[in-house]
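Listed here are the chains, written in short residue letters.
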Amino acid sequence: MTDTFDQYSGGDLAFTRQSPYGTEIEAMYAGATSFLRRRYSRDLSGVDVAVIGVPYDLATSNRPGARLGPRAVRAASTQLSWARPWPWTTDPFKTLHVIDFGDCVFDPGSPHTVVDQIEQWYQPILAAGVTPLSIGGDHFVTYPILKALARKHGPISLIHFDAHSDTWPDRKGRIDHGTMFYHAAKEGIVDPHSSVQLGMRTINDSNLGYTVLDALWLHEHGVDKALAIIKETVGDRPCYLTFDVDFLDPSCAPGTGTPVCGGFDTITAIRLLHGLTGVNLIGCDVVEVAPPYDHAEITALAAATMATNMICLLADVLKKPKTPAD
């Protein structure tokens, strides 16, 4: 990392970065807003992690707007791109080659084709051995991503941060951001018996076999106990991490489609993510940022912070010996 603005880069690191490794300084308020100032690229050669936006919100049951989430989270991430992420002791970009792959393309005028289009978008990324970090979009976008991953890994364990279980019964083929983990379990995409949902504060009388650590439980028992249960339940199985920003209390994340009171602050979420080292992550996402209801980028910045912590977790999983650039 450069130490002072005397060594300031040429700007627009999303296009001008010379090396995929290391952290450089660029003005937070200027330049192209790729995620954490990583290079925009569709070249997957030698890439470890691809950041993908999925600007879809046609499955929302309340307020729309999450289609604007990827753009807002990328813009907010510029505030986090100038130094090693806190509270991590190493810079993930010393070992990880991370690109911003841009946004998934699909036809919103043909909603019956969206699942297949999103799933197909991820196929070349996974075929290249690249781990996806996705930015939604409403939470339904996790379903086609999981379908793509399950083709490669088989049934997947899920770590699910949310105010809602998203497992309410539904008819096959229906698109809804509150039922996709019902479908994922029924279709064998996700193994609910090795999966954990945490933060729930809405009623669902059937857990489908998921281990549910709801908001009352998590407030009472705390981070350390939750982490122990998550790691015991998931084990070393291939695992997907999904973070609905409404896991956070509306006071910390007002810009979302279905906010629910009684949630968590950002430091609790950071502690939980920081404690997930050792989990065999095969992909991650942050979803449900709806900028029209945000204020002063509170929600977008929170989501960018969670995604940055996910990059650090992936560095722990994917790290391999490399000679980092300056």
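These figures come from a predicted structure and were not determined experimentally.

> Just give me the short version of the overall build of the protein, but keep the residues and values in it.
Each helix and strand in the protein was counted, giving eight helices and eight strands. Here the C-alpha radius of gyration of the protein, 18 Å, is about what a compact globule of 326 residues would show, namely 20 Å. Taken across its 326 residues, the protein has 58% of its residues classed as buried. Within the protein, contacts between residues separated by at least 24 positions form 75% of all contacts whose residues are at least 6 apart in sequence. Surface summary for the protein: the accessible area is close to 13100 Å², and the carbon and sulfur share equals 53%.

> Report on the pattern of salt bridges, specifying residues and quantitative values.
The tally for this structure, following the rule as stated, stands at eight salt bridges. The shortest N-O distance in the salt bridge between R74 and D100 comes to 2.7 Å. In this pair, R74 sits in helix α2 (residues 69-77) while D100 sits in strand β2 (residues 98-103), placing the two residues 26 residues apart along the sequence. D100 matches R74 in its accessibility class, with the two residues each being buried. Linking E119 and R151 is a salt bridge whose minimum nitrogen-to-oxygen distance equals 2.5 Å. With E119 in helix α3 (residues 114-127) and R151 in helix α4 (residues 142-153), this pair connects stretches of sequence that are 32 residues apart. Accessibility expressed as a relative area gives 4% for E119, which makes it buried. The network of salt bridges with common partners includes R74, D100 and D103.

> I'd love a proper account of the sheet that holds strand β6 (residues 211-213), names of residues and values included.
Ordered by their spatial adjacency, eight strands build an open sheet running β2-β1-β3-β8-β7-β4-β5-β6, and the pairing between neighbours is parallel. Two strands lie at the open edges of the sheet, namely β2 and β6, each paired on one side alone. Strand after strand, the sheet turns through a mean of 15 degrees between neighbouring axes, direction not considered. Across three bridges, strand β5 (residues 196-198) lies against β6 in parallel orientation.

> Describe the nonpolar core, and please don't skip the residues or the numbers.
Grouped together as the largest cluster of nonpolar side chains are 58 residues, with contacts concentrated most on I159, F161, L198, L241, F247 and L276. By residue number, the principal contributor to this core is helix α8 (residues 298-318), which donates twelve residues.

> Hey, could you go over the packing of α2 against α8 for me, with residue numbers and the actual values?
To describe two helices that pack against each other, one gives the angle between their axes and the distance between the axes. At their nearest, the axes of α2 and α8 sit 8 Å apart, and the two run at 75 degrees to each other. On the basis of the axis angle, α2 is roughly perpendicular to α8. In this structure, α2 uses A72, V73, A76 and S77 to contact α8, whose residues at the interface are A300, L301, A303 and A304.

> Help me get a handle on the environment of H219, residues and values and all.
Relative to the assigned elements, H219 resides in helix α6 (residues 215-234). With a relative accessible area of 46%, H219 lands in the partly exposed category. Sequence separation between H219 and G199 is 20 residues, and the spatial gap between their C-alpha atoms is 8.8 Å. Residue contacts for H219: discarding those within four places in its chain leaves G262, G263 and F264.

> Go over the packing of aromatic side chains with me, naming the residues and quoting the values.
Tallied over the full model, the rule gives eight aromatic pairs. Pairing F243 with F247 gives two aromatic rings, centres 5.5 Å apart and planes at 65 degrees, and the pair type is edge-to-face. The buried category is assigned to F243, whose relative accessible area is 0%. For F247, a relative accessible area of 0% puts it in the buried group. Here the aromatic residues Y56, F106, F140 and Y143 are joined through ring pairs into a cluster of three or more. Positioned above the aromatic ring of F101 is the side chain of R42, whose terminal nitrogen or guanidinium carbon lies 4.9 Å from the ring centre.

Rules of the game
Within every chain, residues take consecutive numbers counted from 1 along the sequence as written. At least 70 in pLDDT is required for a residue's local features to be given in this predicted model, at least 80 for side-chain atom pairs to be given and counted, and no such filter applies to totals for whole chains, interfaces and linings, which use all residues. Excluding hydrogens and water, the side-chain values take into account all heavy atoms of the structure. Secondary structure counts use DSSP, requiring at least four H or I residues in a row for a helix and at least two E residues in a row for a strand, with both numbered from the N terminus. The globule rule used for comparison is 2.2 Å times the number of residues to the exponent 0.38, while the radius of gyration itself is calculated over C-alpha atoms. Only protein chains enter the accessibility calculation, which uses a 1.4 Å probe; a residue is then buried when its area is under 20% of its type maximum, exposed when over 50%, and partly exposed in between. Residue contacts are counted whenever heavy atoms from the two residues lie within 4.5 Å of one another. Surface exposure here means Shrake-Rupley accessible area, sampled with a 1.4 Å probe, where a residue is shielded only by the protein chains that are shown. Here, a salt bridge means any Lys or Arg side-chain nitrogen found within 4 Å of an Asp or Glu carboxyl oxygen. Only strands joined by at least two bridges in the DSSP assignment are considered to pair. Helix axes are fitted only over the stretch in contact, all axes being lines through C-alpha atoms; the angle between N-to-C directions runs from 0 to 180 degrees. As used in this record, nonpolar core signifies buried Ala, Val, Leu, Ile, Met, Phe, Trp, Tyr and Cys residues forming a set joined through side-chain atoms within 4.5 Å. Angular relationships are summarised with four words: roughly parallel below 35 degrees, roughly antiparallel beyond 145, roughly perpendicular across 65 to 115, and oblique for the angles in between. Here a pair means two rings of Phe, Tyr or Trp (six-membered ring of Trp) with centres within 6.5 Å. Their orientation is stacked below 30 degrees between planes, edge-to-face above 60, and tilted elsewhere. Ring-over charges, as used throughout, are those where CZ of Arg or NZ of Lys falls within 6 Å of the ring centre and within 35 degrees of the ring normal.

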